[in-house]
Amino acid sequence: MTAKPFNDTFLKACRQEPTDHVPVWYMRQAGRYQPEYRAIRAKHTFFEMNYIPEVCAEVTRLPVEQLGVDAAILFADIMTPLKPIGVDVNIESGIGPVIANPIGSLEDVHRLGELDPDTHVPYIMEAIKILRQQLPVPLIGFAGAPFTLASYMIEGGPSKHYHKTKSFMYTQPAAWEKLMEKLGTLTITYLKAQIAAGAQAVQVFDSWVGALNDEDYRTFIAPVMNRILLSLRETGVPTIYFGVGCGHLLEEWNKLPVDVVGLDWRTSITKARELGVTKTLQGNLDPTLLLAPWEKLEAKAKEILDEGTQQPGYIFNLGHGVFPDAKVETLQKLTSFIHSYRRNA
Ligand code: 1CP
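Residues numbered from 1 in each chain as written. Predicted model: local features only at pLDDT ≥ 70, side-chain atom pairs only at ≥ 80, totals over all residues.

1. Thoughts on the site of the ligand
And then number 1: Near the ligand you find 21 residues, and of these A30, G96, P158, F205 and S207 are the closest.
And then number 2: Classifying every residue of the shell around the ligand by side-chain character gives eleven nonpolar, six polar and four charged. (Near = placed C-beta within 6 Å. Nonpolar A, V, L, I, M, F, W, Y, C, P; charged D, E, K, R; others polar.)

Structure below.
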């Protein structure tokens, strides 16, 4: 049997090169909607799945083998590098990250340690090395962006309005600046270590930064995002920046030294282009449509593909993560549909 040739379609799209088919992968493509994931998860805590590189690699490979997607994303969490710097975090089923020692002062920020990837998260680097031997598609490394990480660290868990986070930012600007500086350094160090281990692209998740208006984004967040993305640019590896409900920030995002902008479903691809976004776009099917009748899902996917393929530099994805009640068969069918799509065909 001859080995399948390496499929680099996703990387070509990141670089805005023409591709034979539209590349696709799904945020949260490894997760509870997969019976195989549930079986593995039943035997381990979330972080145990991280700590055992073979398990981490197996879960990362699952959607590549099951769905035939054009990229794999490392199975970890944005919280993974926070534990070793002193954040007492657990991932609780049905909730997400819960933090026993939330931060509220400059002293708390000073107490946070520095990440040393080789000693603190060697299992992540090991999993990446194993995966590079096994995968027929590129491996995406990832990290949380400073605002989104800070939101969990300050709120103590998931939040709706980020009141504590934003009031920390407004009332303790020096502590906020120090926190952004520390989390910026952590993000750079962690992602550069993933790249050195073999990650072929990196996605920075700023899921909750849409809670800020554009002026606050410019003041409190753009400087640290510029520092992170400029530093990553030295590696030559494509970078992706994603957030939920960030349509009002797209003009700011287009100024960042980033290669790919991830859109949620609230802002269409056409609208993003009209706002002047020149980067590769990734997105943006509403994940709820995975639960809709196939005809409805197919019609929306086609509309998105028609918009995305107006110019080179497009990657199909969901506007946010796959829900646990999605069906494996639906994602398989959607993936085949995207792969068979030809513009004007
Ligand atoms: O295939 C993959 O995408 C799996 C790897 C992955 C990634 C990229 C996981 C595993 N988490 C993440 C990123 C992540 N984690 C983000 C950014 C993307 C997003 O917006 O969804 C965020 C915000 C988190 C925090 C987190 N971890 C949440 C969200 C909580 C909230 O505030 O609403 C949850 C539910 C988790 C737990 C988690 N992480 C990953 C999985 C599969 C799960 C499910 C829980 C489990 O099995 O116990």
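2. Re the sheet that holds strand β8 (residues 280-285)
And then number 1: In space, the seven strands of this open sheet follow the order β1-β4-β5-β6-β7-β8-β9, with parallel pairing throughout. Both edges of this open sheet fall to β1 (72-73) and β9 (314-318), since each of them pairs with a single strand only.
And then number 2: As judged from the five bridges shared by strand β4 (residues 139-144) and strand β5 (residues 201-205), these two strands associate in the parallel manner. Paired with I140 across the strands is A201, a residue of β5. (Pairing = 2+ DSSP bridges. Helix = DSSP H or I, 4+ residues; strand = E, 2+ residues; numbered from the N terminus.)

3. Quick notes on the pairing of strand β3 (residues 96-99)
And then number 1: Examined bridge by bridge, strand β2 (residues 89-92) and β3 share four bridges and lie antiparallel to one another. By the bridge assignment, V89 is partnered in β3 with I99.

4. A word on the UniProt feature "binding site: substrate" (unreviewed entry) in the chain
And then number 1: Feature annotation in UniProt assigns "binding site: substrate" (unreviewed entry) to the following positions: R28, Q29, A30, G31, R32, F47, D77, Y152, S207 and H320.
And then number 2: Here R28 lies in the loop between α1 (9-14) and α2 (35-43).
And then number 3: Under the C-beta neighbour-count criterion, R28 is labelled partly exposed, with 17 such atoms within 10 Å.
And then number 4: Leaving out residues up to four positions away in the same chain, R28 has contacts with G321 and V322.
And then number 5: Following the sequence through the fold, H320 ends up in the loop between β9 and α15 (328-340).
And then number 6: The exposure class assigned to H320 is buried, which follows from the 22 C-beta atoms found within 10 Å.
And then number 7: Residues within four places of H320 in sequence aside, it is in contact with M27, V244, D264 and P287. (UniProt positions renumbered as here; feature names shortened; annotations may be inferred. Buried ≥ 20, exposed ≤ 12 C-beta atoms within 10 Å, placed from the backbone. Contact = placed C-beta atoms within 7 Å.)

5. As for the environment of I128
And then number 1: Here I128 is to be found in helix α7 (residues 122-134).
And then number 2: Taking the C-beta count within 10 Å as the criterion, I128 has 25 such neighbours and is therefore assigned buried.
And then number 3: Aside from chain neighbours lying at most four places away, what touches I128 is L74, L139, G141, Q194, A197, G198 and A199.

6. Re unusual backbone geometry
And then number 1: For the bond from G283 to N284, the omega torsion is -5°, close enough to zero to count as cis.
And then number 2: One can find N284 in strand β8.
And then number 3: The backbone of Q16 shows a phi angle near 60°, a positive value even though the residue is not glycine.
And then number 4: Tracing the backbone through its elements, the reader meets Q16 in the loop between α1 and α2.
And then number 5: A residue is classified by how many C-beta atoms lie within 10 Å of it, and Q16, with 16 of them, is partly exposed.

7. Looking at the packing of α2 against helix α4 (residues 53-67)
Two measures define how a pair of helices packs: the angle their axes make with one another and the distance between the axes.
And then number 1: As a packed pair, α2 and α4 sit with axes 10 Å apart at the nearest point and diverge in direction by 165°. As judged from the angle between their axes, α2 and α4 are roughly antiparallel. Where α2 crosses over α4, the two elements pack in a sense that is left-handed. Side by side, α2 and α4 meet where E36, Y37 and I40 of the first sit next to V55, V59 and L62 of the second.
And then number 2: Tallied by class, residues from the contact of α2 with α4 come to five nonpolar, no polar and one charged. (Axes fitted to C-alpha atoms, helices over the stretch in contact; angles between N-to-C directions. Parallel < 35°, antiparallel > 145°, perpendicular 65-115°, else oblique. Left-handed = near helix turned anticlockwise from the far one by under 90°.)

8. A short note on the environment of E252
And then number 1: Here E252 lies in helix α12 (residues 250-254).
And then number 2: With 16 C-beta atoms packed within 10 Å, E252 lands in the partly exposed category.
And then number 3: E252 sits 214 residues away from R38 along the chain, and the two C-alpha atoms are 39 Å apart.
And then number 4: The contacts of E252, once residues within four sequence positions are left out, are D214, Y217, R218 and A222.

9. Things to note about the pairing of β4
And then number 1: Taking burial as the measure, the six residues of β4 include six buried ones, the bulk of the element.
And then number 2: Covered by surrounding structure in β4 are L139, G141 and A143 together with I140, F142 and G144, the residues of both alternating faces.
And then number 3: In terms of strand pairing, β1 meets β4 through two bridges, oriented parallel. Residue pairing across strands places I73 opposite I140, the latter belonging to β4.

10. Considerations on the UniProt feature "site: Transition state stabilizer" (unreviewed entry) in the chain
And then number 1: Under the UniProt annotation, the feature "site: Transition state stabilizer" (unreviewed entry) is placed at D77.
And then number 2: By the secondary structure assignment, D77 is in the loop between β1 and β2.
And then number 3: According to the C-beta neighbour criterion, D77 is partly exposed, with 19 such atoms within 10 Å.
And then number 4: Beyond its immediate sequence surroundings of up to four residues, D77 is in contact with F46 and I91.

11. Regarding the confidence of the model for the chain
And then number 1: Mean pLDDT over the chain works out to 97, with 99% of the residues at or above the 70 mark.
And then number 2: If you check the scores for this complex, the pTM reads 0.97 and the ipTM reads 0.94. (pLDDT = per-residue confidence, 0-100.)

12. Remarks on the packing of helix α8 (residues 146-155) against helix α10 (residues 173-197)
And then number 1: It is the contact of α8 with α10, at a shortest axis distance of 9 Å, that shows an interaxial angle of 115°. Our pair here, α8 against α10, has a crossing hand that is right-handed. Note on element contacts: α10 touches α8 through L179, M180, L183, G184 and T187, opposite P146, L149 and A150.

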